[in-house]
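Listed here are the chains, written in short residue letters.
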Amino acid sequence: MKRPHLRTGTGTVTAGEGPPDSAFLSVRDLRIHFDTDDGLVRAVDGLTFRLDRGRALGIVGESGSGKSVTSLGIMGLHRSGRARVTGEVWLDGEELVNADPERVRQLRGRKMAMIFQDPLTAMHPFYSIGRQITEAYRVHHPDVHRKQAHERAVEMLARVGIPQPDKRVDDYPHQFSGGMRQRAMIAMALVNDPDLLIADEPTTALDVTVQAQILDLIRDLQRETGSAVVIITHDLGVVAEIADDILVMYAGRCMEHGPAEQVFSRPQHPYTWGLLASMPRINRERQDRLLPIEGNPPSLIRVPPGCPFHPRCRYALLTDGRSNTEVPPLVPVDADDPDHTVACHLTPEDRQRIFSEDVAPGL
Amino acid sequence: MTAYIVRRVIAAIFLLIAVTMITFGIFFLVPRLAGETSTQLAAQYVGRDPSPEALAAVEKNLGFDQPIYQQWWEFAHGIVAGRTFRYGPDASVCHVPCFGYSFKSHLPVWPEIVSRLPVTISLAAGAAVIWVVTGVAIGVLSALKRGSVFDRLSMGLALAGVSLPIFFTALLSLALFSYKWPIFPNLQYVPLTQDPLLWAKNLVLPWVTLAFLYSALYARLTRAGMLETMSEDYIRTARAKGLPERQVVVRHGLRAALTPIITIFGLDLGLLLGGAVLTETAFSLPGVGQYAVEAITDNDLPQILAVTTLAAFFIVAANLVVDVLYVAVDPRVRYK
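Residues numbered from 1 in each chain as written. Chains lettered and ligands numbered in written order. Predicted model: local features only at pLDDT ≥ 70, side-chain atom pairs only at ≥ 80, totals over all residues. Heavy atoms only, no water.

**Q** What is the right way to read the overall build of chain A from this model?
**A** A tally of helices and strands in chain A yields 13 helices and twelve strands. Relative to its full complement of 363 residues, chain A shows a buried share of 55%. Once local pairs closer than 6 in sequence are excluded, the contacts in chain A between residues at least 24 apart make up 65%. Put simply, chain A shows about 16,100 Å² of open surface, and 49% of that area lies on carbon and sulfur atoms. (Helix = DSSP H or I, 4+ residues; strand = E, 2+ residues; numbered from the N terminus. Buried < 20%, exposed > 50% of the residue type's maximum accessible area, 1.4 Å probe, protein only. Contact = heavy atoms within 4.5 Å. Areas by Shrake-Rupley, 256 points an atom, 1.4 Å probe, with all protein chains shown as cover.)

Have a look at this one:
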């Protein structure tokens with residue numbers, strides 16, 4: 001890892017003036033809360049990370065861990081009436097959370113684009129694929145002629161591997177297969193050459209055989225364009241395929257963050273262990289059962305005090321009760337590895353021991 | 001598509017035949033079930049204390065002495081091919097489409113009903129324009145400002161609009177705006193061709209009264225539809241593209257929410273063209289609806305048949321138009 005770093009020992013960074021560093025995307029102490037009749041939902045609670053151009057970040061976590069809320073927060077897609085978004089999102093030197101919504105709208109689709117989970121519901125059923133792509137293009141290129149935009153749409157469809165793009169461009173979403181729809185969705189997201197692409201569970205709704213194709217496509221396009229990619233998933237397989245960095249989220253907070261190879265080879269957080277142990281693998285012995293993480297994700301209205309994972313953590317007792325009371329800060333795992341951070345009260349020695357004795361053999 | 005339309009038209013013709021048969025059946029069978037003879041039936045259309053000869057003549061003239069199926073056949077045949085009535089030595093030719101002569105007034109039914117059509121069309125079309133524009137606009141704004149004062153106020157008003165019967169709102173509007181404050185005095189139908197301004201002016205109250213009910217329905221429908229579509233994934237996609245909110249609402253939200261409304265609009269309009277009975281009666285508009293009321297009060301079979309057939313025709317036609325239109329509106333729909 002060769003990039004410069006700004007790390008303050010905790011997951012929460014005090015809001016500063018100006019761009020924090022040279023990072024292309026920098027999220028600092030992002031909090032997204034929803035006022036509901038049942039109470040305040042803390043969907044994202046103090047998330048900090050950064051991402052450079054040309055790199056892919058995988059955000060992993062269970063349903064309800066705040067992954068999608070984070071991505072919509074970066075895109076500025078939360079309706080102001082319902083969501084309370086605080087913190088900072090810096091995109092290429094520009095702060096978005098407190099920016100004029102009109103300015104954020106102009107960036108949306110042009111500088112940052114998004115791919116959604118289910119391309120059937122995410123595309124308008126009444127407009128042709130081509131019409132939806134040209135619309136995305138022309139809103140940011142108002143001077144472009146209808147015809148030119150149409151050509152651009154065909155070109156984009158060709159680029160994402162749609163056969164006979166000049167014919168298929170006039171088809172409607174329901175005439176495409178699931179994989180083709182997701183390709184079209186990617187074409188629509190990339191039509192303005194965005195520098196940041198956020199993919200929210202881009203393969204979850206797809207056939208397994210198509211999933212790999214779509215991931216390959218995203219990776220190839222990223223290499224081609226040098227854009228930054230945030231990929232949100234609950235599937236560690238997807239992350240292994242595509243991500244340079246991994247951020248493990250739980251209850252709206254970052255549990256572990258680091259380069260993918262580090263997180264896979266030396267995972268530090270008991271929650272990450274749980275995710276890895278519950279992942280099916282081809283080389284696993286047939287009789288070994290997948291190990292689920294006991295319990296359920298916590299209610300985001302009443303997040304457990306201390307480490308939010310402690311009620312489900314098998315090793316919480318080793319922390320002398322600190323897990324139940326104190327929020328663990330996000331700190332580097334060790335001095336030679338400042339990029340790999342973890343929020344856990346276990347001592348590095350304990351983690352090392354538990355991982356090698358207890359967890360690794362089961363993986 | 002053409003094959004589909006042809007099939008639908010054929011089905012519609014059969015449906016219209018069935019409607020005339022049922023109407024015929026009700027008219028003749030119900031009195032018979034109650035034990036009335038055809039002579040007693042004929043007595044309704046003769047003056048007081050008729051001589052038995054006169055009664056028999058009327059019974060024969062109206063065709064009541066023949067079996068029902070034959071009467072129906074002659075009627076149906078008349079619609080398609082015209083009919084010649086013989087009264088002793090005199091004969092009168094009734095041209096296609098012949099719905100016969102009124103039992104009461106002895107005037108041919110079809111020209112009479114055709115002369116009333118413009119009134120009903122004027123009323124329905126004008127009201128339709130008002131209710132679609134206001135209903136959809138209010139519905140969209142309510143949905144976008146859900147829970148706001150505007151939303152509550154307009155939905156409260158819509159509830160009133162849906163609940164209040166036309167004869168009440170019609171009489172209220174007449175009492176207020178024609179009598180108490182005579183902004184629209186001496187309401188009387190004036191044909192469009194004769195004086196367009198007066199035509200419009202005299203139709204304002206009926207239009208608004210009729211549109212009030214339908215606007216309320218459409219506002220509620222549009223609001224519900226918009227609330228649903230605005231939470232769809234494709235709306236989020238539209239926003240993610242960076243579209244301005246106006247375009248998101250109109251091109252993506254409203255476009256999808258309007259589809260079911262177009263369907264209902266077609267059917268409502270078809271229904272009204274068959275006669276807006278209450279509104280026409282309340283405002284004394286000489287339209288098809290008023291004609292229908294007269295026909296039923298007089299128990300005048302040719303009139304009743306003509307009105308029901310016409311109303312059924314409009315409903316069937318509206319259904320067909322809506323179904324065909326749906327293909328244009330929703331690309332997912334294809335008929336084979």
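**Q** In this structure, what is going on with the nonpolar core? I would like to understand it.
**A** A general trend in soluble globular proteins is that nonpolar side chains are found buried together. Residues Leu25(A), Phe49(A), Ile186(A) and Leu196(A) are the most contacted members of the largest nonpolar core, which totals 110 residues. Excluding residues that lie within four positions of it along the chain, Leu196(A) makes contacts with Phe24(A), Leu25(A), Leu51(A), Ile74(A), Leu91(A), Lys111(A), Met112(A), Ala113(A), Ala228(A) and Val230(A). (Core = buried A, V, L, I, M, F, W, Y, C linked by side-chain atoms within 4.5 Å.)

**Q** Sorry, what's going on with the sheet that holds strand E8 (residues 228-233) of chain A here?
**A** Whether parallel or antiparallel, the strands of a sheet pair through hydrogen bonds between backbone atoms. Residue and element names in this part refer to chain A. In space, the eight strands of this open sheet follow the order E6-E7-E8-E3-E9-E10-E12-E11, with mixed pairing throughout. The sheet is open, and its two borders are formed by strand E6 (112-115) and strand E11 (331-334), each paired with just one other strand. The sheet shows a mean angle of 25 degrees between the axes of neighbouring strands, direction not considered. As paired elements, strand E3 (residues 56-60) and E8 share five bridges and run parallel to each other. Opposite Leu 57, over in E8, you have Val 230 as the bridge partner. Its contacts with the sheet put helix H8 (residues 208-225) on E3, E6, strand E7 (196-200) and E8, and the angle it makes with E8 is roughly 160 degrees. (Pairing = 2+ DSSP bridges. Axes fitted to C-alpha atoms, helices over the stretch in contact; angles between N-to-C directions.)

**Q** When you look at the interface of chain B and chain A in this model, what are you seeing that I'm missing?
**A** The parts lose accessible area when they come together, and the size of an interface is often stated as this lost area. The interface is formed by 20 residues belonging to chain B together with 26 residues belonging to chain A. Together chain B and chain A conceal approximately 2,200 Å² of surface at their shared face, both sides included; 61% is due to carbon and sulfur atoms. Of the charged contacts, one joins Arg251(B) and Glu135(A) as a salt bridge, the two residues approaching to 3.0 Å between their closest N and O atoms. Across the contact surface, chain B and chain A share 14 residue pairs in polar contact (both at pLDDT 80 or more). Among the elements of the structure, helix H9 (233-240) and helix H10 (245-273) of chain B are those that each provide at least two residues to the side of chain B that touches chain A. Along the lines of polarity and charge, the residues of the side of chain B that touches chain A split into seven nonpolar, four polar and nine charged. (Buried area = accessible area lost by both parts, 1.4 Å probe. Salt bridge = Lys/Arg side-chain N within 4 Å of Asp/Glu carboxyl O. Polar contact = N/O pair within 3.5 Å; in protein donor to acceptor, adjacent residues only side chain to side chain. Nonpolar A, V, L, I, M, F, W, Y, C, P; charged D, E, K, R; others polar.)

**Q** Can you help me understand a nonpolar patch on the surface in this one?
**A** Taken together, Val6(B), Val9(B), Ile10(B), Ile13(B), Phe14(B), Ile17(B), Met21(B), Ile22(B), Ile26(B) and Val30(B) make up a surface patch of nonpolar side chains, about 900 Å² in accessible area. With respect to the secondary-structure elements, Ile22(B) resides in helix H1 (residues 2-33). (Patch = residues over 30% accessible without salt bridge, like charges linked within 9 Å, V, L, I, M, F, W, Y side chains within 5 Å.)

**Q** For this particular structure, what's the right way to read the sheet that holds strand E5 (residues 94-95) of chain A?
**A** All names here are of chain A. Pairing is antiparallel in the open sheet, where four strands are placed in the order E2-E1-E4-E5. Whereas interior strands pair on both sides, the edge strands pair on one side only; in this sheet they are strand E2 (39-51) and E5. By the bridge criterion, two bridges tie strand E4 (residues 83-91) to E5 in an arrangement that is antiparallel. Opposite Leu 91, over in E5, you have Glu 94 as the bridge partner. Docked against the sheet, helix H1 (residues 67-75) engages strand E1 (25-36), E2 and E4, running at close to 110 degrees with respect to E1.

**Q** It is not clear to me how the side chain of Arg239(B) should be interpreted in this structure. Could you clarify?
**A** In this structure, Arg239(B) sits in helix H9. Apart from the residues within four sequence positions on either side, Arg239(B) is in contact with Leu77(A), Arg79(A), Arg108(A), Met230(B), Glu245(B) and Val248(B).

**Q** Would you explain the UniProt feature "domain: ABC transporter" (unreviewed entry) in chain A in this entry?
**A** The positions UniProt marks with the feature "domain: ABC transporter" (unreviewed entry) are residues 27-276 of chain A. For the annotated span residues 27-276 of chain A, helix accounts for 40% and strand for 27% of the residues, and the straight-line distance between the end C-alpha atoms is 26 Å. (UniProt positions renumbered as here; feature names shortened; annotations may be inferred.)

**Q** Please explain the UniProt feature "domain: ABC transmembrane type-1" (unreviewed entry) in chain B as it appears in this structure.
**A** With numbering aligned to this structure, UniProt lists the feature "domain: ABC transmembrane type-1" (unreviewed entry) at residues 117-326 of chain B. Taken end to end, residues 117-326 of chain B has its terminal C-alpha atoms 27 Å apart, with 82% of it in helix and 0% in strand.

**Q** Which parts of the structure should I look at to understand the UniProt feature "transmembrane region" (unreviewed entry) in chain B?
**A** All names here are of chain B. Using the residue numbers shown here, the UniProt feature "transmembrane region" (unreviewed entry) corresponds to residues 9-30, 119-144, 156-179, 199-221, 256-278 and 304-329. Helix makes up 100% of residues 119-144 and strand 0%, with an end-to-end C-alpha separation of 38 Å. Structurally, residues 156-179 is divided into 92% helix and 0% strand, and its ends, taken at the C-alpha atoms, are 27 Å apart.

**Q** Mind showing me how you'd approach the state of the cysteines here?
**A** As used in these notes, a disulfide is a covalent bond between sulfur atoms, one from each of two cysteines. One pass over the full model with this rule turns up one disulfide over all chains. With a sulfur-sulfur separation of 2.1 Å, Cys94(B) is cross-linked through a disulfide to Cys98(B). Between Cys94(B) and Cys98(B) the disulfide shows an S-S torsion of about 110 degrees. By sign, it is right-handed. We note that Cys94(B), like Cys98(B), is buried. In this model Cys254(A) remains outside any disulfide bridge; the closest cysteine sulfur is found in Cys307(A), 12 Å from its own. Free of any disulfide, Cys307(A) has its nearest neighbouring cysteine sulfur in Cys344(A), separated by 6.5 Å. (Disulfide = S-S within 2.5 Å.)

**Q** Explain the pairing of E4(A) to me, please; I cannot follow it from the model alone.
**A** Taken residue by residue, a regular strand's side chains alternate between the two faces of the sheet. Residues and elements named next belong to chain A. Pairing analysis gives eight bridges linking E1 to E4, with the strands arranged antiparallel. Residue Arg 31 lies in a different strand from E4, and its bridge partner there is Thr 86. Remark: two residues form the turn of the hairpin made by E4 and E5, two consecutive strands paired antiparallel; Asp 92 in that turn has positive phi of roughly 50 degrees.

**Q** Any chance you could explain the layout of surface pockets here in plain terms?
**A** Left-over empty space is what a probe sized like a water molecule reveals as it rolls over the atoms. Counted as a void, the largest pocket has a volume near 1,500 Å³. Around the largest pocket, the lining is made up of 38 residues, and of these Leu77(A), His78(A), Arg79(A), Ser80(A) and Arg239(B) lie nearest the centre. If you list the elements that add at least two residues to the lining of the largest pocket, you get H1, E4 and helix H2 (101-107) of chain A together with helix H5 (109-144), helix H8 (196-229), H9 and H10 of chain B. Class assignment for the residues of the lining of the largest pocket results in 20 nonpolar, six polar and twelve charged. (1 Å grid on protein atoms, 1.4 Å probe; cavity = no way out; pocket = protein on both sides within 12 Å on 5 of 7 lines; lining within 4 Å. Points joined across faces, edges and corners; volume = space filled by probe spheres on them.)

**Q** Looking at this structure, how should I read the pattern of salt bridges?
**A** When the charged atoms of two side chains with opposite charge come close together, those side chains can pair. Residues and elements named next belong to chain A. Tallied over the full model, the rule gives 33 salt bridges over all chains. In this structure, Arg 28 and Glu 88 form a salt bridge, with 2.9 Å as the shortest nitrogen-oxygen distance. Here Arg 28, found in strand E1, pairs with Glu 88, found in strand E4; they are 60 residues apart in sequence, far enough to count as distant. Both residues of the pair, Arg 28 and Glu 88, belong to the buried class. Asp 195 is the partner of Lys 111 in a salt bridge, and the nearest nitrogen-oxygen pair spans 4.0 Å. Of this pair, Lys 111 sits in the loop between H2 and E6 while Asp 195 is found in the loop between helix H7 (178-190) and E7, placing the two residues 84 residues apart along the sequence. Overall, the relative accessible area of 23% leaves Asp 195 in the partly exposed class. Within the structure, one salt-bridge network assembled from shared partners comprises Asp 29, Arg 31, Asp 45 and Arg 253.

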